[in-house]
Every structure is written in structure tokens, then in C-alpha cells.
Amino acid sequence: MVTSVASRVESLASSGIQSIPKEYIRPQEELTSIGNVFEEEKKEEGPQVPTIDLKEIDSEDVEVRERCRQELKKAAMEWGVMHLVNHGISDELMDRVKKAGQKFFELPVEEKEKYANDQGSGKIQGYGSKLANNASGQLEWEDYFFHLVYPEEKRDLSIWPKTPSDYIDVTSEYARQLRGLATKILSALSLCLGLEEGRLEKEVGGLEELLLQMKINYYPKCPQPELALGVEAHTDVSALTFILHNMVPGLQLFYEGKWITAKCVPNSIIMHIGDTIEILSNGKYKSILHRGLVNKEKVRISWAVFCEPPKEKIILKPLLETVSETEPPLFPPRTFAQHIQHKLFRKTQDTLSN
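Basis of the calculations
Residues numbered from 1 in each chain as written. Predicted model: local features only at pLDDT ≥ 70, side-chain atom pairs only at ≥ 80, totals over all residues. Heavy atoms only, no water. UniProt positions renumbered as here; feature names shortened; annotations may be inferred. Helix = DSSP H or I, 4+ residues; strand = E, 2+ residues; numbered from the N terminus. Patch = residues over 30% accessible without salt bridge, like charges linked within 9 Å, V, L, I, M, F, W, Y side chains within 5 Å. Areas by Shrake-Rupley, 256 points an atom, 1.4 Å probe, with all protein chains shown as cover. Salt bridge = Lys/Arg side-chain N within 4 Å of Asp/Glu carboxyl O. Lys, Arg positive; Asp, Glu negative; His and termini not counted. Charge placed at Lys NZ, Arg CZ, Asp CG, Glu CD. Expected span 1.5 Å × (residues − 1). Buried < 20%, exposed > 50% of the residue type's maximum accessible area, 1.4 Å probe, protein only. Arc of directions from axis to C-beta.

As named in an unreviewed UniProt entry, the protein is Leucoanthocyanidin dioxygenase-like, taken from Durio zibethinus. As stated in UniProt under Cofactor (unreviewed entry), the record for the protein gives "L-ascorbate".

Here is the structure:
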């Protein structure tokens, strides 16, 4: 089934509507917490998402290196999300990735439809919008492009954008460098739990099996942003998620009972700890609930790369070293596929019981 052009949020947004269709309006209990994202971002009081400087993560100086790791550990345990700076990926490469993705989304919708995915038949890679597949029939104010970007031999380049012409090159180079950054982070997180350096990397599939999936999220301007969400509240199922954005605010984190808006930090990469690492660490590292707001004035685009373990090959459960008599396992053993199913099932139950 090919989705009609009218069902793209971009088409809806550019049709001149003043009010949004009811499928996009959030439930009453959520509406009370949705504010103006630009005003929210300006707030200086209250908790702020931590910024972690990775410059010294491989320092020769043991003390300096340890200080850097401890800051990363603290952010992973208290927040589960952070702005990474001095992460080793050049501003120039990040800019080129963003330009390439932006150029693709600037193509006419009809042109983008040539890359349409077909969720019904299991073809999830490509251009898409959320289908109302949950019990509430609720929709989100975004279109997206989703594709596996690493390991290179597992990619399907036939569905990658042909326009702009450098899309494949820059996105592939970014994926390669991000894979190196993932190793660096996983090593530090392992050591901070008292594990061998390569342990978490091995537990999530290693170089052969850890998959990097890129999702470019395109949030058109919304005539009634106070009623909608770009992405509803969720935690990431991944091991780690790395995010670039076009410096338009939108990301909110549910921290200590309140929605906190992430600031836009130049040249940073936002990193989330996902459920997979939360499970392996027995809850010591946090997978934080987050969502995306939209606005009237500016299109927001983000580039999320989810680092995911293989669906069936690995049983995810708290590592023995993270469990003790006083800290019993918080999560039952499940494959990654079973974890995803369990979350969907729980969400459906929640919706039906409301």
C-alpha cells in the first residue's frame, strides 16, 4: 500500500489549515504540560541537561581521564541523556550530513514518495509517517526517513536518497565515525561499572552485530503546536542513541517529575542511554522518558542514530556483576525483539485501560 501524499504531515502543514485534525490532538492530561518551546528553552532556572566534554576521555594522564569518565558516569546514572562536546566528529562533517538530509526533505513530497516505506508488508526502511497503529489512533506531527547505516555490508543502498548526490558518501562517513564514538562511550561505561573495557560492546553485539539505524525526523511548522507532539513520550529501546538537530529546540526530558527542555548546544551531539544499556546495567544507567515538541515558526529536523543489538541473537538481562543480594535483577531475560513487543503490549494495555 502506498500512502497518499495527503497523509504526509508536510502536505497537511502546507495546505494552509488553521486547526489540526483531531488525530493529532493529544489527550487532555498531556495538554496541560505542553508549552511554547522557544520560551521553555530560554528558562535558566531548574535542572539542565548536562554537557559532557569528551576531549580527555583517552588522555594519557590517568587522573584527567578518570575525571572525564566519572562525569560521563554521573550523567548516565542521573539523567541518561547529555550533550557531548569535543566528541571527535568534525563540525564540517556534521554540517554536511545535515545539509544532505535537509536537501532531501526539500524535495517535493511526490519526489520523496519514490522512497516510501510500506510498514504493512514489513518494509520499514525509507520515507514515512507514523500510521495510527496504536489503540488510541493517535498521530504525531512528523514525517521521517529511516535506514540502516552500519555495518556497511548490511546496508540497502538502493533505498538511500539519490538526491543530493553526496548523501550516501557523507552519511556513510558519519556512520563510520559514530560507530567509533559508540565504542569509546561503551568502553568508558563498562569501566565505570567495574567491568572489562570491551564488555558492554560485546554484550550488545560487537562490530559485526550492533546495528546503527538512522532516522531523520522532519517536524513541519504546526498551526496549533500547543495541541500536538512531534514525538510522543517514550524511552529509546536502543543501547545508545546519538542525535544531531538543526538548532531548533524541541527535545524535552522527563526529569524528577517535570518536563525539561534541552538547550541547543552548538556542535554538540545529544546522546541517550537506551533501554538495552539500562537493562544490562540493572538500572544503574538510566533510559530517560523524552518527547518532541513542535512550533509555529520553524521547521525542526533531527538526525537520530539508534545503536541496536541484534533482534534475536542476544538475551538481554542484567549482567551478573551488576546484581547482588541487595540489588536483585530489575529486568527479566528477554531478546531485543521480545523487549520491543513487551513495550508495545504494555502501551496498548495502558491505552485500553484509560
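Resuming the write-up.
Our focus in this paragraph is the UniProt feature "domain: Fe2OG dioxygenase" (unreviewed entry) in the protein. The UniProt feature table records "domain: Fe2OG dioxygenase" (unreviewed entry) at residues 210-309. Helix makes up 6% of residues 210-309 and strand 45%, whereas the separation of the span's terminal C-alpha atoms amounts to 5 Å.

Bringing a negative patch on the surface into the picture now. A contiguous patch of negative charge, built from Asp53, Glu56, Asp61, Glu63 and Glu71, is present on the exposed surface. With respect to the helices and strands, the residue glutamate 63 is situated in helix H4 (residues 62-78).

So, about helix H5 (residues 91-106). Taking 1.5 Å of rise per residue, 16 residues should cover 22 Å, and H5 covers 22 Å from first to last C-alpha, within 8% of that figure. Considered for burial, the residues of H5 that qualify are Leu93, Met94, Val97, Lys98, Ala100, Gly101, Phe104 and Phe105. All buried residues of H5 lie within an arc of 160° about the axis, which places them on one face of the element. The exposed residues of H5 that point more than 90 degrees off its buried face are Glu92, Lys99 and Glu106.

Tyrosine 150 connects to proline 151 through a cis peptide bond whose omega is 0°. Despite not being glycine, asparagine 267 has its phi angle at roughly 60°, a positive value. Structurally, the position occupied by asparagine 267 is in the loop between strand S9 (258-261) and strand S10 (269-273). Here asparagine 282, not a glycine, exhibits a phi torsion of approximately 55°, which is positive. On the secondary structure map, asparagine 282 appears in the loop between helix H10 (275-280) and strand S11 (290-292). Relative accessible area serves as the criterion here: at 5%, asparagine 282 is assigned to the buried category.

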